[in-house]
Amino acid sequence: RIDFLTPNETRQLLQDHQEPMWDLMVLMALRTGMRYGELAGLRWQDVDLDRRVISIRKSLVRGILGTPKNGQERHLRIAQELLESLSRSRSKNGYVFQFTDGRSPTYPQARNALNQICKRTGVRRFSWHVLRHTFASLLAIEGVTIPIIQNLLGHASIVMPMKYAHLSPSALSDAV
């Protein structure tokens with residue numbers, strides 16, 4: 001069973017506007033399917049607002065900046081809603097998500113912030129990874145093919161994104 005947010009829960013969650021950094025991070029996770037480490041390791045130099053592309057080159061996990069999980073760089077298109085939010089938050093350098101002293105948030109800090117957003121918006125508590133599942137699940141429901149979902153999520157094998165196939169009943173009907 002894959003846990004993901006419903007469209008209504010997603011809308012509720014995006015109604016929170018208390019903490020701009022966390023609000024942007026939640027929006028980016030929902031609209032790109034990025035892993036938490038990829039979000040934490042994202043630098044402004046990897047965000048091209050003119051071309052509307054995010055290049056995922058690094059991942060920040062437990063304070064260590066390394067390559068993304070599958071070792072491959074990938075590029076994601078920026079949806080209009082995310083483009084507008086990124087434009088308002090734009091900085092010249094550093095991490096996209098950082099505190100005023102330049103530090104990136106740790107996973108426990110991010111988990112606590114997400115729990116607070118859930119509490120304020122009345123959405124059930126969940127982990128950051130559920131936002132990634134939500135991105136993929138909603139794509140599958142909309143009929144996006146599994147290979148495209150695989151590419152967007154950055155999976156090396158089609159095995160992992162196949163867990164979303166049951167959410168796309170039209171794909172089976174179209175195949176028959």
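Residues numbered from 1 in each chain as written. Predicted model: local features only at pLDDT ≥ 70, side-chain atom pairs only at ≥ 80, totals over all residues. Heavy atoms only, no water.

### Notes on the nonpolar core
Step number 1: Counting residues in each nonpolar core, the largest one holds 40 residues, and the members touching the most others are L13, V26, M28, L86, F126, W128 and L131.
Step number 2: Elements that contribute at least two residues to this core include exactly α2 (20-32), α3 (36-40), β2 (53-56), α4 (80-89), α5 (107-121) and α6 (128-141).
Step number 3: Those residues within four positions of F126 in sequence are excluded, and the remaining contacts are L5, L13, L114, N115, C118 and L131.
Step number 4: Judged by nonpolar contacts, the second largest core, of 10 residues, contains F135, I149, Y164 and L167. (Core = buried A, V, L, I, M, F, W, Y, C linked by side-chain atoms within 4.5 Å. Buried < 20%, exposed > 50% of the residue type's maximum accessible area, 1.4 Å probe, protein only. Helix = DSSP H or I, 4+ residues; strand = E, 2+ residues; numbered from the N terminus. Contact = heavy atoms within 4.5 Å.)

### Things to note about the packing of α2 against α5
Packed helices, taken two at a time, are described by the angle their axes make and the gap between the axes.
Step number 1: For the pair α2 and α5, interaxial distance at closest approach is 11 Å and the crossing angle is 90°. By the angle between their axes, α2 is roughly perpendicular relative to α5. Contacts between α2 and α5 involve W22, D23 and V26 from the former and Q109, A110, A113, L114 and I117 from the latter.
Step number 2: Of the residues contributing to the contact of α2 with α5, the split by class is six nonpolar, one polar and one charged. (Axes fitted to C-alpha atoms, helices over the stretch in contact; angles between N-to-C directions. Parallel < 35°, antiparallel > 145°, perpendicular 65-115°, else oblique. Nonpolar A, V, L, I, M, F, W, Y, C, P; charged D, E, K, R; others polar.)

### Notes on a nonpolar patch on the surface
Step number 1: A cluster of nonpolar side chains, contributed by I158, V159 and M162, occupies part of the molecular surface with about 270 Å² of accessible area.
Step number 2: Examined against the element boundaries, I158 turns out to sit in the loop between α7 (146-153) and α8 (169-175).
Step number 3: Judged by relative accessible area, I158 falls into the partly exposed class, the value being 33%. (Patch = residues over 30% accessible without salt bridge, like charges linked within 9 Å, V, L, I, M, F, W, Y side chains within 5 Å. Areas by Shrake-Rupley, 256 points an atom, 1.4 Å probe, with all protein chains shown as cover. Salt bridge = Lys/Arg side-chain N within 4 Å of Asp/Glu carboxyl O.)

### Some details on α4
Step number 1: When α4 is considered as a whole, its buried residues turn out to be L82, L83, S85 and L86. Looking straight down α4, one finds that the buried residues subtend no more than 170° of arc, so they occupy a single side.
Step number 2: Tucked inside the fold, the buried residues of α4 contact α2, β1 (47-48) and β2. (Arc of directions from axis to C-beta.)

These figures capture arrangement, not role.
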